[in-house]
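Here is how the chains run, residue by residue.
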Amino acid sequence: LLEQIATTGSSSFAPGRKGGIMKKTSARILLVEDDRILRRAVQTTLRRHGFNVVSAGDGEKALRLAKSESLRLVLLELIIPKVQGFEVLRRLKQDPKTASIPVLILSSLGQQSDIKRAMDLGAADYLVKPKLSLDQLVKKVDELLKGGED
């Protein structure tokens, strides 16, 4: 993701471009990412696609927002300050108020043991950031949200 932002200066996946169809949705997404530049790029991209995005730069704020907002999805980095991502995921899945919210892990941790740990804790999916483009992220968000509409 960072390479894509650095080389293009933006997400390069905006409405009006091929594949960048604006979607009308009220889906509220919590983005938990401590890298301000990456957080802004992901947030902007998701908003351009019609998603309602709130963000947190650390685990404490993420847990507060998850309990106070009506969320359809959480995008969670694992390496974040205050409360680490694995602990945030564990708490979200143990709290009856937030347990049903799908959590998509977006992390630079790509070891199989990290992926297995996150999935065992209840993550809906796990994407490794260095291998991920913003358009792939939008497609995955769409997929996860559609799965919850049944």
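Residues numbered from 1 in each chain as written. Predicted model: local features only at pLDDT ≥ 70, side-chain atom pairs only at ≥ 80, totals over all residues. Heavy atoms only, no water.

**Points about the sheet that holds strand β4 (residues 103–107)**
Strand order in the open sheet made by the five strands is β2-β1-β3-β4-β5, with parallel pairing throughout. For this open sheet the edge positions go to β2 (52–56) and β5 (125–128), each flanked by a neighbour on one side alone. Averaged over neighbouring strand pairs, the angle between their axes works out to 20 degrees when direction is ignored. Inspection of the sheet shows strand β1 (residues 28–32) paired to β2 by five bridges, in the parallel sense. In the sheet register, Val32 faces β2, and the bridge partner there is Ala56. (Pairing = 2+ DSSP bridges. Helix = DSSP H or I, 4+ residues; strand = E, 2+ residues; numbered from the N terminus. Axes fitted to C-alpha atoms, helices over the stretch in contact; angles between N-to-C directions.)

**Some words on helix α5 (residues 112–120)**
When α5 is considered as a whole, its buried residues turn out to be Asp114, Ile115 and Ala118. Angular distribution of buried residues about the axis of α5 spans 100 degrees; they occupy a single face of the element. Along α5, exposed side chains directed more than 90 degrees from the buried face belong to Gln112, Ser113 and Asp120. In the core, the buried residues of α5 are packed alongside α4 (85–94), β4 and β5. At the C-terminal side of α5, Gly122 shows a positive phi close to 115 degrees. (Buried < 20%, exposed > 50% of the residue type's maximum accessible area, 1.4 Å probe, protein only. Arc of directions from axis to C-beta. Contact = heavy atoms within 4.5 Å.)

**Structural notes on the confidence of the model for the protein chain**
Regions with low pLDDT carry predicted coordinates that are not meant to be interpreted in detail. In the predicted model, the protein chain carries a mean pLDDT of 87, and 81% of its residues have values of at least 70. Residue range residues 6–22 is modelled with pLDDT below 50. Its contacts to residues more than four positions away, or to other chains, number 26 contacts. (pLDDT = per-residue confidence, 0-100.)

**A look at the side chain of Lys140**
Examined against the element boundaries, Lys140 turns out to sit in helix α6 (residues 134–147). Only 2.6 Å separates the side chain of Lys140 from the side chain of Asp125, close enough to count as a polar contact. In this view, Lys140 contacts Leu104, Asp125 and Leu127; residues no more than four positions away in its chain are not counted. (Polar contact = N/O pair within 3.5 Å; in protein donor to acceptor, adjacent residues only side chain to side chain.)

**A closer look at the packing of helix α2 (residues 36–48) against α6**
A pair of packed helices can be characterised by two numbers: the angle between their axes and the separation between those axes. In the contact formed by α2 and α6, the axes pass within 10 Å of each other and the chain directions differ by 55 degrees. In terms of axis orientation, α2 runs oblique to α6. The interaxial crossing formed by α2 with α6 has right-handed handedness. Contacts between α2 and α6 involve Val42, Thr45 and Leu46 from the first element and Leu134, Leu137, Val138 and Val141 from the second. Partitioned by chemical class, the residues of the contact of α2 with α6 number six nonpolar, one polar and no charged. (Parallel < 35°, antiparallel > 145°, perpendicular 65-115°, else oblique. Left-handed = near helix turned anticlockwise from the far one by under 90°. Nonpolar A, V, L, I, M, F, W, Y, C, P; charged D, E, K, R; others polar.)

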